[in-house]
Amino acid sequence: VLGFGFLHHLTNWKKAVHELTRVLKPDGHLIIEEPNGAAAEFFRKYVGFAIPIEGQFSWKELQAEFSNYNMKLLDEKKLFLNCFKSMIFKKESLN
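Everything quoted here is computed from the prediction, not taken from an experiment. (Residues numbered from 1 in each chain as written. Predicted model: local features only at pLDDT ≥ 70, side-chain atom pairs only at ≥ 80, totals over all residues. Heavy atoms only, no water.)

Draft legend 1. Molecular detail of a nonpolar patch on the surface. Together, L2, I31, L74 and I88 make up an exposed nonpolar region whose accessible area comes to about 360 Å². With respect to the element layout, I31 can be found in strand 2 (residues 29-35). Under the relative-accessibility criterion, I31 is labelled partly exposed at 41%. (Patch = residues over 30% accessible without salt bridge, like charges linked within 9 Å, V, L, I, M, F, W, Y side chains within 5 Å. Areas by Shrake-Rupley, 256 points an atom, 1.4 Å probe, with all protein chains shown as cover. Salt bridge = Lys/Arg side-chain N within 4 Å of Asp/Glu carboxyl O. Helix = DSSP H or I, 4+ residues; strand = E, 2+ residues; numbered from the N terminus. Buried < 20%, exposed > 50% of the residue type's maximum accessible area, 1.4 Å probe, protein only.)

So, in structure tokens, the structure goes:
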């Protein structure tokens, strides 16, 4: 599954994480790019819109939510201004 910059637009991003992990088969991969809560000021100031407060999360919060559903972080890269990151997760098998 590939997701590009959508979780932060949702008022219930944790529900979306659950759905993303639900549709992945065991050993499936998720590639995601998201800004963290620190990007809210950047978007407000330079792009002209605000990230909903409910859609703001730290990297630690996002990774913890994925780990709640047996998702292992394989790699991560900071992309821009230390507030945009790409991550690759793998859904661990429950053997």
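Moving on, there is more to tell.
Draft legend 2. Structural view of the side chain of T21. Along the polypeptide, T21 turns up in helix 1 (residues 13-23). For T21, the side chain forms a polar contact with the main-chain oxygen of H18, separated by 2.8 Å. (Polar contact = N/O pair within 3.5 Å; in protein donor to acceptor, adjacent residues only side chain to side chain.)

Draft legend 3. Inspection of the nonpolar core at higher detail. Among the nonpolar cores identified, the biggest contains 15 residues, and L7, L30, I32, L62, F66 and F89 are the most heavily contacted of them. Secondary structure elements with two or more residues in this core: helix 1, strand 2, helix 3 (59-67) and strand 4 (84-91). It is helix 1 that provides the largest number of residues to this core, a total of 4 residues. By size, the runner-up hydrophobic cluster in this structure holds 6 residues, among which are A39, A40, I51 and C83. (Core = buried A, V, L, I, M, F, W, Y, C linked by side-chain atoms within 4.5 Å.)

Draft legend 4. Spatial organisation of the packing of aromatic side chains. What the rule picks out here adds up to 2 aromatic pairs. Measuring from centroid to centroid gives 4.7 Å for W13 and F57, while their planes differ by 50°, and the two rings are tilted. Of this pair, W13 sits in helix 1 while F57 is found in the loop between helix 2 (39-47) and helix 3, placing the two residues 44 residues apart along the sequence. The buried category is assigned to W13, whose relative accessible area is 5%. Overall, the relative accessible area of 2% leaves F57 in the buried class. (Phe/Tyr/Trp six-rings, centres within 6.5 Å; stacked < 30°, edge-to-face > 60°.)

Draft legend 5. Representation of the pattern of salt bridges in the model. Under the definition given, this model contains 4 salt bridges. When the shortest N-O distance is used, the salt bridge between E19 and R22 registers 2.7 Å. Remark: R22 and E19 occur in helix 1; sequence separation between them is 3 residues, near one turn of the helix. We classify E19 as partly exposed; its relative accessible area is 36%. With a relative accessible area of 51%, R22 lands in the exposed category.

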